[in-house]
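Now for the letters of each chain:
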There are 2 protein chains.
Amino acid sequence: MSIQVAVNGYGTIGKRVADAVALQPDMELIGVGKTRPNHEAELAIENGYPLYAAIEDRIDLFDEAGLELAGTVEEMVEAADIVVDACPSGIGADNKSLYEAHDTPALYQGGEDADLVDVSFNARGNFDEATGADHVRVVSCNTTGLSRLLAPLQEEYGVEKARVTLVRRGGDPAQTGRGPINDILPNPVSLPSHHGPDVNTIFPDLAIDTLGLKVPATLMHTHSVNVTLESTPDADAVRELLDEQTRTFLIPEGAGIDGAGALKEFAMDRGRPRADIWENCIWSESVSVEGSDLYLFQAIHQESDVVPENVDAIRAVLGTADAAESIERTNGTMEIGF
Amino acid sequence: MSIQVAVNGYGTIGKRVADAVALQPDMELIGVGKTRPNHEAELAIENGYPLYAAIEDRIDLFDEAGLELAGTVEEMVEAADIVVDACPSGIGADNKSLYEAHDTPALYQGGEDADLVDVSFNARGNFDEATGADHVRVVSCNTTGLSRLLAPLQEEYGVEKARVTLVRRGGDPAQTGRGPINDILPNPVSLPSHHGPDVNTIFPDLAIDTLGLKVPATLMHTHSVNVTLESTPDADAVRELLDEQTRTFLIPEGAGIDGAGALKEFAMDRGRPRADIWENCIWSESVSVEGSDLYLFQAIHQESDVVPENVDAIRAVLGTADAAESIERTNGTMEIGF
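Residues numbered from 1 in each chain as written. Chains lettered and ligands numbered in written order. Predicted model: local features only at pLDDT ≥ 70, side-chain atom pairs only at ≥ 80, totals over all residues. Heavy atoms only, no water.

Asker: Explain the domain arrangement of chain A here, please?
Answerer: It is common to report an interface's size as the accessible area lost on association of the parts. All names here are of chain A. One can read the domain layout of chain A as domain 1 (3–139 + 306–334) and domain 2 (142–300). Contacts between domain 1 and domain 2 engage 24 residues on the former and 18 residues on the latter. For the pair domain 1 and domain 2, the summed buried area comes to about 1,700 Å², and 45% of that belongs to carbon and sulfur atoms. Looking at the side of domain 1 facing domain 2, the largest losses of area belong to R16, R124 and V139, adding up to 34% of the total buried there. Summed over the shared surface of domain 1 and domain 2, the number is seven salt bridges. With a shortest N-O distance of 2.8 Å, R148 and E309 are connected by a salt bridge. The interface formed by domain 1 and domain 2 holds 12 residue pairs in polar contact (both at pLDDT 80 or more) in total. In terms of residue class, the side of domain 1 that touches domain 2 is made up of 10 nonpolar, seven polar and seven charged. (Domains from an automatic or database assignment. Contact = heavy atoms within 4.5 Å. Buried area = accessible area lost by both parts, 1.4 Å probe. Salt bridge = Lys/Arg side-chain N within 4 Å of Asp/Glu carboxyl O. Polar contact = N/O pair within 3.5 Å; in protein donor to acceptor, adjacent residues only side chain to side chain. Nonpolar A, V, L, I, M, F, W, Y, C, P; charged D, E, K, R; others polar.)

Asker: It is not clear to me how the state of the cysteines should be interpreted in this structure. Could you clarify?
Answerer: Two cysteines form a disulfide when their sulfur atoms are joined by a covalent bond. Residues and elements named next belong to chain A. Scanning the entire structure with this criterion turns up zero disulfides over all chains. As a non-bridged cysteine, C281 has C141 as the owner of its nearest cysteine sulfur, 13 Å distant. By relative accessible area, C281 is classed as buried at 0%. (Disulfide = S-S within 2.5 Å. Buried < 20%, exposed > 50% of the residue type's maximum accessible area, 1.4 Å probe, protein only.)

Asker: What am I meant to see in helix α11 (residues 307–318) of chain B here?
Answerer: Residues spaced three or four apart along an α-helix point in a common direction, a consequence of the helix completing one turn every 3.6 residues. All names here are of chain B. Between its first and last C-alpha atoms α11 spans 18 Å; for 12 residues at 1.5 Å apiece the expected length is 16 Å, and the two agree. Taken across its 12 residues, α11 has 11 buried, putting it largely inside the fold. The first or second residue beyond α11 is G319, which carries a positive phi of 65°. (Helix = DSSP H or I, 4+ residues; strand = E, 2+ residues; numbered from the N terminus. Expected span 1.5 Å × (residues − 1).)

Asker: What am I meant to see in the pattern of salt bridges here?
Answerer: Oppositely charged side chains can form a pair if their charged atoms are brought close together. On inspection of all chains with the given rule, the structure shows 36 salt bridges over all chains. R329 of chain A serves as the salt-bridge partner of D26 of chain A, at 2.5 Å between the closest nitrogen and oxygen. Pair noted here: D26 of chain A is in the loop between α1 (12–22) and β2 (27–34) and R329 of chain A is in helix α12 (residues 323–334), with a separation of 303 residues, a long-range link. By relative accessible area, which is 16% here, D26 of chain A ends up buried. Close ionic contact of R16 of chain B with D276 of chain B constitutes a salt bridge, the shortest N to O distance being 2.9 Å. Here R16 of chain B is found in helix α1 (residues 12–22), whereas its partner D276 of chain B is found in the loop between α10 (260–269) and β14 (280–283), with 260 residues between them in sequence.

Asker: Would you mind showing me how to read the side chain of S193 of chain B here?
Answerer: Residues and elements named next belong to chain B. In this fold, S193 is placed in the loop between β10 (185–186) and α8 (195–199). Relative accessible area serves as the criterion here: at 0%, S193 is assigned to the buried category. Polar side-chain contacts of S193 include one of 2.8 Å to the side chain of H195. Of note is the side chain of S193, whose polar atom sits 2.8 Å from the side chain of T210.

Asker: Is there a simple way to explain the sheet that holds strand β7 (residues 119–121) of chain A in this structure?
Answerer: For sheets, the rule is that strands pair by backbone hydrogen bonds, running either parallel or antiparallel. Residue and element names in this part refer to chain A. Taken in spatial order, the eight strands of this open sheet run β4-β3-β2-β1-β5-β6-β8-β7, and their pairing is parallel. Looking at strand neighbours, the two that pair on one side only are β4 (71–72) and β7, the edges of this open sheet. Relative to β2, strand β1 (residues 3–8) is paired through six bridges, and the arrangement is parallel. Its bridge partner being in β2, Q4 is matched across the sheet by E28. (Pairing = 2+ DSSP bridges.)

Asker: Where do I start with the packing of helix α7 (residues 141–157) of chain B against helix α9 (residues 235–244) of chain B in this structure?
Answerer: Helices that pack against each other are described as a pair by the angle of their axes relative to one another and the distance between those axes. All names here are of chain B. Their axes nearest at 10 Å, the elements α7 and α9 cross at an angle of 125°. If you check the angle between α7 and α9, you find them oblique. Judged by the sense of rotation from one axis to the other, the crossing of α7 with α9 is right-handed. Of the residues in α9, those touching α7 at L149, P152, L153, E156 and Y157 are A237, V238, L241 and L242. Here the contact of α7 with α9 is built from residues that sort into eight nonpolar, no polar and one charged. (Axes fitted to C-alpha atoms, helices over the stretch in contact; angles between N-to-C directions. Parallel < 35°, antiparallel > 145°, perpendicular 65-115°, else oblique. Left-handed = near helix turned anticlockwise from the far one by under 90°.)

Asker: How should the interface of chain A and chain B be read in this particular structure?
Answerer: Listed per partner, the contact involves 42 residues of chain A and 42 residues of chain B. Contact between chain A and chain B buries roughly 3,400 Å² in total, counting both sides, with carbon and sulfur atoms accounting for 59%. Residue R163 of chain B is joined to D293 of chain A by a salt bridge in which the shortest nitrogen-to-oxygen separation is 3.0 Å. Elements with a minimum of two residues in the side of chain A that touches chain B: β9 (159–169), β10 (185–186), β11 (208–215), β12 (221–229), α10 (260–269), β15 (288–290) and β16 (293–300) of chain A. Looking at the side of chain A that touches chain B, the element that brings in the most residues is β9 of chain A, giving six residues.

Asker: Please explain unusual backbone geometry as it appears in this structure.
Answerer: For residues besides glycine, phi is generally negative; the peptide bonds are generally trans as well. Going from L191 of chain A to P192 of chain A, the amide bond is cis rather than trans, its omega being -10°. Tracing the chain through its elements places P192 of chain A in the loop between β10 and α8 (195–200). In this chain, G179 of chain B is followed by P180 of chain B through a cis amide linkage whose omega measures -5°. Structurally, P180 of chain B is set in the loop between β9 (159–169) and β10. At D103 of chain A, a residue that is not glycine, the phi angle is positive and equals roughly 55°. Considering the arrangement of structural elements, one finds D103 of chain A in the loop between α5 (91–101) and β6 (106–108). Under the relative-accessibility criterion, D103 of chain A is labelled exposed at 73%. A positive phi is found at E335 of chain A, a non-glycine position, where the angle reads about 60°. Tracing the chain through its elements places E335 of chain A in the segment after α12.

Asker: Looking at this model, I keep getting lost on the nonpolar core. Mind explaining?
Answerer: A general tendency of soluble globular proteins is for nonpolar side chains to be buried together. Grouped together as the largest cluster of nonpolar side chains are 47 residues, with contacts concentrated most on L263 of chain A together with L263 of chain B. At five residues, α10 of chain A tops the list of elements feeding residues into this core. If we skip the residues at most four places from it in the chain, L263 of chain A touches M220, F249, I251, I257, I277, C281, W283 and A299 of chain A. (Core = buried A, V, L, I, M, F, W, Y, C linked by side-chain atoms within 4.5 Å.)

Asker: I'm lost on α9 of chain B in this one. Help?
Answerer: Residues and elements named next belong to chain B. Here α9 has its buried residues at A235, V238, R239, L241 and L242. Burial along α9 is one-sided: seen end-on, the buried residues are contained in an arc of 165°. Turned more than 90 degrees away from the buried face of α9 sit E240 and E244, all of them exposed. Along its buried surface, α9 packs onto α7, β13 (248–251), β14, β15 (288–290) and β16 (293–300). (Arc of directions from axis to C-beta.)

Asker: Before we go on, may I ask you to explain the UniProt feature "active site" (unreviewed entry) in chain A in this structure?
Answerer: Residue and element names in this part refer to chain A. In the numbering adopted here, UniProt assigns the feature "active site" (unreviewed entry) to C141. Its place among the elements puts C141 in helix α7 (residues 141–156). Not counting chain neighbours up to four residues away, the residues in contact with C141 comprise H221, I300, Q302, D305 and V306. (UniProt positions renumbered as here; feature names shortened; annotations may be inferred.)

Dropping the structure here:
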């Protein structure tokens, strides 16, 4: 019997995870949870996903909106083998007791604190550590992007120290109320940013310092990466290594892709759902080695790079596949890789 | 007799340098050169600066605009002890033969190639090297900002290696035709950016790698700085050292200055001409030391930080003051330092 998956929260991440789960031959999406009947709730119904109300008091609102409910989130959690919590940051923590009450293992997103869970997860970094855990956090978009990059570098060359400046988008395209406009903000102004310690939830012994800024852009984050390696490969060897990974896209020299706008155009031209880019996008020309210092730029799509990681985390927690099998199945069904 | 200074080019940099020269007790601004009669040419007349036409064919245009000319730029150069070329990038190189023909030593701006000149200049970095040189380049805003920062660090602690990501404004506030909008562009995408080699024109032996990006902001550049030091001071010692410098502004913790917008507001409130910020603006809270790695954020005002450097370079070339005297005089007359 296939894995019965519930997705609680059907916003930016939840709707993408639901679609990805629906593609998996070994999984069944038993429903999605919503707090209110907005356009995304309508979308769930259109997609044929059973819709569950997160808050009992609001059941009437769904009725008034003409949206048929399959029940409450509590009922959905009870029926599920595993729940993916894709609620806004902090709400996942509020939901933990519900999942515990029904003995349903749960995945949380990177906006939750690391100490909420037993294990923080990245498929390329530490798949096996999640097996059997009740509460697992799929790390944030930026930490996912850094983990995918650092794992092969660590294995192949050894990492003496990573130093990363994250030039972060101010908000997602639909988050109209966020800033900054016309400014470059050190954010946080105190160091390190949370990203370095967050990478250490995946790789506890890796030396990494991170600095964050926010700028007036919405499409993707961009990382300016320095990694001091323990050996000194040439740049072409590093390019080959990164190209061999399955969730990195080495932007070819001369492709005419100069930033996030062109990357999104590229994704749309290739029919990607919601113009999603699940891969780390690394500019091939930027990969440089000076002595033992590796440098590169990579762009990270904040809305979607964690989606395949959530799918893999389901199998990891339930122990139904090993890392290689799961990653291959997820990549194949989602058509990951340009 | 005071130094007879001509300023050729009266745009973003030229008009600021002219005003600063006019403030110096040991200098006389004998005129400014313009190619065409726009609002800035009118400003020169309003300020009482003799106006010289750069292109003989266009003298009629100035007449038609009702702007009285004092003569041609060639006549101005002949009369000057030194000329500050503040023309757009590349035009300085075209003008070099004119200055040579009149045996007038010349300063150029950072947009010109380093090999156009005998010496690249930063007052804090290498004042004495410019003495007696015929052609001197005042390095760009970003290189000036890096030189001011690295000079004291090198002297006090020794620099093993500097690694800097420059998050650059797309254009100046009045450059309406420039981008990017809503994007974060690796620029240049190949490493290193020109800033590292440019710093090496001031400090030839300093190990530095730089990466550049462009974002949708116009007010200031922001540098994410890492310097691996040869010794390991604590962060407070570094703050003190940077606070002792005369052209660095350590933004106090709790000042409510989170980015370039607030910095410009701060400058305007204090009556700065054109809201100029001549100093490196270093966020005190960002100054961090991890092992031998120093990190900090600094903002650099692209339109004005080179202005005091141009004033000092005049004295350096003509040998009329040493570094300490010149910097003190320039700072005093311009009221540099918050």
